[in-house]
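A look at the structure
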There are 2 protein chains.
Amino acid sequence: MENFIFCNPTKLIFGKGTIASIDAQLPADSVVMMTYGGGSIKKNGVYEQVRKALGSRRVVEFGGIEPNPRYETLMKAVASAKAEGVDFLLAVGGGSVIDGTKFIACAMGYEGSDPWDFVRDNSKLKSVTPLPLATVLTLPATGSEMNNGAVITRGSSDEKLAFHHRDVYPRFSVLDPEVCYSLPDKQVANGVADTFAHVLEQYLTYPCHAMVQDRFAEGILKTLVEIGPGVVKDHTDYDTVSNYMFSATMGLNGIIAMGVPQDWATHMIGHELTALCGLDHGVTLAIVFPALMSVMRADKHDKLLQYACRVWGIDSGSPEARIDEAISLTRRFFEALGIKTHLSDYGIGDDIIRSIVDRMSERGWKLGERGNVTPDKVKLILEAAK
Amino acid sequence: MENFIFCNPTKLIFGKGTIASIDAQLPADSVVMMTYGGGSIKKNGVYEQVRKALGSRRVVEFGGIEPNPRYETLMKAVASAKAEGVDFLLAVGGGSVIDGTKFIACAMGYEGSDPWDFVRDNSKLKSVTPLPLATVLTLPATGSEMNNGAVITRGSSDEKLAFHHRDVYPRFSVLDPEVCYSLPDKQVANGVADTFAHVLEQYLTYPCHAMVQDRFAEGILKTLVEIGPGVVKDHTDYDTVSNYMFSATMGLNGIIAMGVPQDWATHMIGHELTALCGLDHGVTLAIVFPALMSVMRADKHDKLLQYACRVWGIDSGSPEARIDEAISLTRRFFEALGIKTHLSDYGIGDDIIRSIVDRMSERGWKLGERGNVTPDKVKLILEAAK
C-alpha cells in the first residue's frame, strides 16, 4: 500500500425528506446564493423544498449554470455574489452546478486579476480561502458533492480543465434519493457510466496490496453492474435509486483512493472530446474506457485479470481470453445503459483524433498511473475507439 | 437504505515514516500532553520518533494508562493537564490509550462535579467542548483513531461503559504500519478478532438494501479471513500489516455503518465479561459472537445466508446447513487466531452468567438491532458459549 493522507470533512445527510434539514445546518443570518442549472428543480418540487428550508434568510438566486459549466457564466455569478454580499453558496443540482459553485467559491476569495488563471495553474489557489458552500444533489454522477475537485469549461478557448482546493469540500451535502425519480433516462445512464468510470480510474491500475480498497472498489462496480441498466429504465424505486446515489458519492470521495495508484487518462481524453465535440461527459467515458483497456492491457494485466474474476465472475480460460471477455463485458455494460461506445456512432473521425493528439502534445501531458499514456498512446486509444 | 448523517473529520496520515509529520500538524506553541500505556513505546522506538517530531514544544507526559482504561487513572491525567495548562492531547498507543485520552479531553471541558456522570449519561456531554486531540496508533484494533467513541472502566464499581461526543474525533491520526512489527502475537490476535467483530456488528443484522455497504463490510471480513491467522504468527511484512491496520480503521469509522442497522449486543455482553472476569476485549468477542449467531439465527437468517455465501463461499446445502457451517467457520477463524471460544476455557461458569444477566435486568437493557436481546436472550447466548 502506498503512503497517503485522507481527510474528507463533508457532512453527508442522506435519505427521504432530508432537504428540510438545510435549515438546521446554515447560520440564520447567512446571505445565501442559491445556484442551479436549467430549471428542472422548478418542475420537480426541489426548488420549493429548498426555498422553504432556507426560511427568512436573504437568498440571491443564480440559475442557468449549464452542463460543463462555463467560466463565462460563472463570472457573472461571482459579480452578483460580490455585489449582494453573499457569504454562503448553496448549489442545488448535479455535478456541473456543484463544480461551477466551487469555482465561484474560489473566485470570491481570489485576489489575482482573472480566476481562469487558477484553473490553469492550481498552485495559484494556495493562499485562497474559498467561500463556504453546501449542496443539494439532484443528479448522482460526479461525486462532486463529497470531494474537493471541479471541472470548468472556457468557451472562448474550447478548454475543459480541472482544479482542486483543500478547503472547497462542501460543508454539507443533502442527498435525497427521491429527487432521482424525475430524472431523464439519459442523465441516469450518464451518471451510472460516470460512476463506473470513476471507480475504474482508481482501481484498474496495478496491484499494490491494497486488499480492502480493491474490495471496496469492486463492491461499487458489482453494485452498478447489478442495478445500472435497470435503474436507467426505471428510477422510481427508492431502494434502487438509493444504491445508485450512494454508489456515485462513494465512487469519488477519496475512500477508494486511499493508498492506491490512480489513472484518470480516460477522463482527460474524454474532457477533450467534450470540449471539441460537445459529447456528454458520461458518453466520452463509455467510448474511451474499453479502448484504453485494450491498448493498455499489458500495463494493467494483473488488475484486468482480477477485475475479470471478481467483478464479472470470469474464472476460466487463458489470461488473455479472460481479459478480452472482461473488456467486452465492460463495453456491453455501457451499451446496456443505452450509450453507444464507438466514435463513429457520433460521427467523430480522424480530424478530431488529430486535434486531440496535437493538444496533448502541446501540453506535454503524460497520463495514466505510470505516466506513460503519451500522445502516441492517446492516438492508439482513439483509433481503437473508432 | 435507512436515512443517515455521516461526518468524519479525522485526517488519516498513513504509511512508512509518517510519525515525523506530527510536527507539521501541530501549532508550534501547543502545550502537549503525550499519553501512553505501559511503556512498550519506549522499547520499539516510537517514543523517540514522537518526541523528535514534537520538537521544542512543551510536553507533559502521562504514561501508565492500562488496558480497559480506568477512570481512576485518567482523573490523575486530568488534574495534571489542568495544572500544566495543556491545550492539546496526543495519544500514543492502542485503543485503550486513545479512549482514555478522549475521556481526558471531555473531562477537561466538563463543568459538572464528577466526569463519571457523563460516561453514565452521555446527554451531559452536550454543552462540553473537548480539548483537541490526535493519535499515533500503535495497535490496530478498536478503530478509536478515527471515530468519536470511547469505552471507560471504573474499578470501584466494576463498570465498563461507552460514551460518544460529536467533537472528540481525533484531529489527525498517524498510522505507520511498521509499529506493528514488535507487537506481541496475542495483541495482534485480539486486534484482528476485535476488527472482525466490529464489522459483524454493523453487517450481520437484517437486509436493508444497502448493497455497497454490505460489499464494503464483506470486503473487510474477507481480507481478515485471508490475512488474519497469518498476521498473528508473523507481523513483520509491511504489506500484510498495512492491510491489517487499514482494516481495523475502516472497521469502525462510520463508513460501513452508513444507512444500516447495527447490533452491538456482542460488545455489550463482552464488556461485562471483561468488567467481571478481566478477559481481554477481543477474547470476549470471540466467545460471544458464535453463540449469539446461533441464538439469534432466526432474526439474522437472511444476512447469515449472505455472510455464508459471500464471506465463506458456502453456496450449496440447505439454508440451515449453510448457516451452521458459517457459524462453525467463524468459531474456527477465531481459534485460528489462537483465541479459545468457550467460557469454560477460561474457567467461567454459571455464577458469572447469573451476575451478567442480573446486571442487564437491573439496567433494563434490550440489546441488538431489533432491541430484542433481552436478559433472557443474554442468558441463552452465554449458555451457548459455555
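What you are looking at is a predicted structure, and each value in this text was computed from that prediction instead of being measured.

A few words on the overall build of chain A. If you tally the helices and strands in chain A, you get 14 helices and eight strands. A globule of 386 residues ought to have a C-alpha radius of gyration of about 21 Å, and chain A, at 20 Å, matches this closely. Seen through its principal axes, chain A has C-alpha atoms that stretch 65 × 45 × 45 Å. Considering only residue pairs separated by 6 or more positions, chain A has 78% of its internal contacts joining residues 24 or more positions apart. Accessible surface, chain A as shown: approximately 13700 Å² in total, 49% of it carbon and sulfur. Across chain A, the centroid of the 39 positively charged side chains sits 2 Å from that of the 47 negatively charged ones.

Attention now moves to the interface of chain B and chain A. With 39 residues of chain B at the contact, the number on the chain A side is 39 residues. Buried area between chain B and chain A, both sides added, is near 3600 Å², and the carbon and sulfur share of it is 66%. Across the pair Arg215 of chain B and Glu226 of chain A runs a salt bridge whose closest N-O atoms are separated by 3.2 Å. Across the chain B-chain A interface, the total number found is 16 residue pairs in polar contact (both at pLDDT 80 or more). Of all the secondary structure elements, the ones that give two or more residues to the side of chain B that touches chain A are strand 1 (4–14), helix 7 (211–233) and helix 8 (238–251) of chain B. For the side of chain B that touches chain A, the per-class residue count stands at 21 nonpolar, twelve polar and six charged. Relative to strand 1 of chain B, strand 1 (residues 4–14) of chain A runs antiparallel, the two sharing seven bridges. From the neighbouring strand, Leu12 of chain A faces strand 1 of chain B, where its bridge partner is Phe6 of chain B.

Another aspect to go through is helix 6 (residues 185–203) of chain A. The first and last C-alpha atoms of helix 6 of chain A sit 27 Å apart over 19 residues, in line with the 27 Å expected at 1.5 Å per residue. When you tally the buried positions in helix 6 of chain A, you get 16 out of 19 residues, the bulk of the element.

As a further point, take the sheet that holds strand 1 of chain B. Taken in spatial order, the twelve strands make up an open sheet running 3(A)-2(A)-4(A)-5(A)-8(A)-1(A)-1(B)-8(B)-5(B)-4(B)-2(B)-3(B), and their pairing is mixed. Strands with a single pairing partner mark the edges of an open sheet, and in this sheet they are strand 3 (58–62) of chain A together with strand 3 (58–62) of chain B. The sheet shows a mean angle of 25° between the axes of neighbouring strands, taken without regard to direction. Strand contacts of helix 8 of chain B: strand 1 of chain A together with strand 1, strand 5 (133–137) and strand 8 (172–175) of chain B, with the helix running at about 150° to strand 1 of chain B, the strand carrying the most contacts.

Expressed as a screw transformation, the operator carrying chain B onto chain A has a rotation angle of 180° and an axial translation of 0.0 Å, and the superposed copies differ by an RMSD of 0.0 Å. One copy is carried onto the other by what is essentially a two-fold rotation axis. If distances are taken from each C-alpha of chain B to the rotation axis, the shortest is found for Pro9 of chain B, at 2.2 Å. The overlap is high: 100% of the interface residues of chain B also sit at the interface in chain A, so the same surface is used on both sides.

The next subject is the packing of aromatic side chains. Enumeration according to the criterion identifies 33 aromatic pairs over all chains in this entry. Seen in terms of ring centroids, Phe14 of chain A and Phe246 of chain A are 6.1 Å apart; in terms of plane orientation they differ by 85°. Their pairing is edge-to-face. Placement of Phe14 of chain A in strand 1 and of Phe246 of chain A in helix 8 (residues 238–251) is noted, with a sequence separation of 232 residues between them. Grouping residues by exposure puts Phe14 of chain A and Phe246 of chain A together as buried. Both rings, one in Trp312 of chain B and one in Phe333 of chain B, keep their centres 6.5 Å apart while their planes meet at 65°; by these two values the pair is edge-to-face. Within this pair, whereas Trp312 of chain B is found in helix 11 (residues 301–312), its partner Phe333 of chain B is found in helix 12 (residues 319–336), the two being separated by 21 residues in sequence. The class of Trp312 of chain B is buried, set by a relative accessible area of 19%. An aromatic cluster of at least three residues, connected via ring pairs, comprises Tyr71, Phe103, Tyr110, Trp116, Phe118 and Phe163 of chain A.

Residues and elements named next belong to chain B. Burial within strand 5 is extensive, with five of its five residues counted as buried. Neither face of strand 5 is open: one carries Leu133, Thr135 and Leu137, the other Ala134 and Val136, and all of them are buried. Examined bridge by bridge, strand 4 (residues 88–93) and strand 5 share five bridges and lie parallel to one another. Each residue of the ladder has a partner; that of Gly93, found in strand 5, is Leu137. Of the pairings in the sheet, the one linking strand 5 to strand 8 comprises two bridges and is parallel in character. Across the sheet, the residue bridging to Val136 is Val174, located in strand 8.

Turning next to empty space enclosed by the protein. All names here are of chain A. Evaluated as defined, the whole model comprises four cavities of 30 Å³ or more. Estimates place the volume of the largest cavity at around 50 Å³. What lines the largest cavity is Asp263, Leu292, Met296, Asp299, Lys300, Gly368, Glu369, Arg370, Asn372 and Val373. For the lining of the largest cavity, a count of residues per class yields three nonpolar, two polar and five charged.

Attention now moves to helix 11 (residues 301–310) of chain A. If you check which residues of helix 11 of chain A are buried, you get Lys303, Leu304, Gln306, Tyr307 and Ala308 of chain A. Those residues of helix 11 of chain A that are buried lie in contact with helix 6, helix 7 (211–233), helix 10 (281–295) and helix 12 (319–336) of chain A.

Residues and elements named next belong to chain A. In contact at an axis separation of 11 Å, helix 6 and helix 11 are set at 135° when each is read in the N-to-C sense. In terms of their interaxial angle, helix 6 and helix 11 are classed as oblique. Contacts from Phe196, Leu200 and Tyr203 of helix 6 reach helix 11 at Lys303, Gln306 and Tyr307.

Residue and element names in this part refer to chain B. Following both chains from N to C, one finds helix 9 (residues 265–277) and helix 13 (residues 350–363) inclined at 120°, their axes separated by 10 Å at the closest point. By the angle between their directions, the pair helix 9 and helix 13 is classed as oblique. When the axes of helix 9 and helix 13 are compared, the crossing they make is right-handed. Where helix 9 approaches helix 13, its residues Met268, Ile269, Glu272, Leu273, Ala275, Leu276 and Cys277 are matched on the opposing element by Ile352, Ser355, Ile356, Arg359, Met360 and Arg363.

What follows deals with the nonpolar core. Nonpolar side chains in soluble globular proteins generally cluster together in the buried interior. In terms of nonpolar packing, the biggest core is built from 278 residues, with Ile22, Val50 and Tyr307 of chain A together with Ile22, Val50 and Tyr307 of chain B touching the most fellow members. Per-element tally for this core: the top contributor is helix 7 of chain B, with ten residues. When neighbours within four sequence positions are excluded, Val50 of chain A is seen to be in contact with Ile19, Ile22, Met34, Leu90, Val92 and Val136 of chain A.

Residues and elements named next belong to chain A. What the rule picks out here adds up to 40 salt bridges over all chains. Where Arg310 meets Glu218, a salt bridge forms, and the shortest distance between an N and an O atom there is 3.1 Å. One end of the pair, Arg310, is in helix 11; the other, Glu218, is in helix 7, with 92 residues separating them in the sequence. The exposure class assigned to Arg310 is partly exposed, which follows from its relative accessible area of 25%. Each of Asp350, Lys379, Glu383 and Lys386 takes part in a single network of salt bridges with overlapping partners.

Moving on, we come to the environment of Trp264 of chain B. Residue and element names in this part refer to chain B. Within the fold, Trp264 resides in the loop between helix 8 and helix 9. In this structure the C-alpha to C-alpha distance between Trp264 and Ser242, which are 22 residues apart in sequence, comes to 26 Å. In this structure Trp264 touches His198, Glu201, Gln202 and Leu252, once residues within four positions along its chain are discounted.

The rules behind the values
Per chain, the residues get numbers from 1 upward, laid out in the order the sequence is written. Chain letters and ligand numbers both follow the written order, the letters beginning at A and the numbers at 1. Given that this is a predicted model, residues contribute local features only at a pLDDT of at least 70 and side-chain atom pairs are listed and counted only at 80 or more, while totals for whole chains, interfaces and linings are drawn from all residues. Each side-chain value is derived from all of the structure's non-hydrogen atoms; neither hydrogens nor water enter the calculation. Each helix is a run of H or I in the DSSP string that is no shorter than four residues. Each strand is a run of E no shorter than two, and both are numbered from the N terminus. C-alpha atoms define the radius of gyration in this analysis, and the globule rule sets the expected value at 2.2 Å times the number of residues to the power 0.38. By definition, residues are in contact when any of their heavy atoms lie within 4.5 Å. Exposure was quantified through the Shrake-Rupley algorithm and a 1.4 Å probe, taking into account, for residues, occlusion by the shown protein chains and nothing else. For the charge count, each Lys or Arg is scored as positive and each Asp or Glu as negative, with His and the chain ends excluded. In this description, the location of a charge corresponds to atom NZ of lysine, CZ of arginine, CG of aspartate or CD of glutamate. A 1.4 Å probe defines the accessible area here, and the buried area is the portion of it lost by two parts on being joined, summed over both. Only one rule defines a salt bridge in this text: a Lys or Arg side-chain nitrogen within 4 Å of an Asp or Glu carboxyl oxygen. N or O atoms within 3.5 Å of each other form a polar contact, as long as, within protein, one can give a hydrogen and the other can take it, and as long as residues adjacent in sequence are counted only when both atoms are side-chain atoms. The residue classification treats Ala, Val, Leu, Ile, Met, Phe, Trp, Tyr, Cys and Pro as nonpolar and Asp, Glu, Lys and Arg as charged. All others, Gly included, are polar. By the convention used here, strands pair only if DSSP detects at least 2 bridges between them. Here, expected helix span is obtained from the residue count minus one, scaled by 1.5 Å. Summary of the burial criterion: residues with accessible area below 20% of their type's maximum are buried, those above 50% are exposed, and those between are partly exposed, where the area comes from a 1.4 Å probe applied to protein chains only. To define axes, lines are fitted to C-alpha atoms, for helices over the stretch in contact only, and angles between the resulting N-to-C directions are given on a 0 to 180 degree scale. All copies are superposed by least squares; the fitting set is the C-alpha atoms of residues with a pLDDT of at least 70 in both. Put simply, two rings from Phe, Tyr or Trp (the six-membered ring, in Trp's case) pair if the centres are within 6.5 Å, and we call them stacked under 30 degrees between planes, edge-to-face over 60, tilted for the rest. A 1.4 Å probe that fits but cannot get out identifies a cavity on a 1 Å grid over protein atoms alone, an open set with protein on both sides within 12 Å along at least five of seven lines counts as a pocket, and a residue lines either if it has an atom within 4 Å of a point. Grid points are joined across faces, edges and corners, and a volume is the space filled by probe spheres set on the points. Should an angle lie under 35 degrees it is considered roughly parallel, over 145 roughly antiparallel, and from 65 to 115 roughly perpendicular; all remaining angles are considered oblique. Less than a right angle of anticlockwise turn of the near helix away from the far helix marks a crossing as left-handed, whereas a clockwise turn marks it as right-handed. Remark: nonpolar core denotes a set of buried residues (Ala, Val, Leu, Ile, Met, Phe, Trp, Tyr, Cys) joined through side-chain atoms within 4.5 Å.

Nothing here speaks to function; it is geometry throughout.
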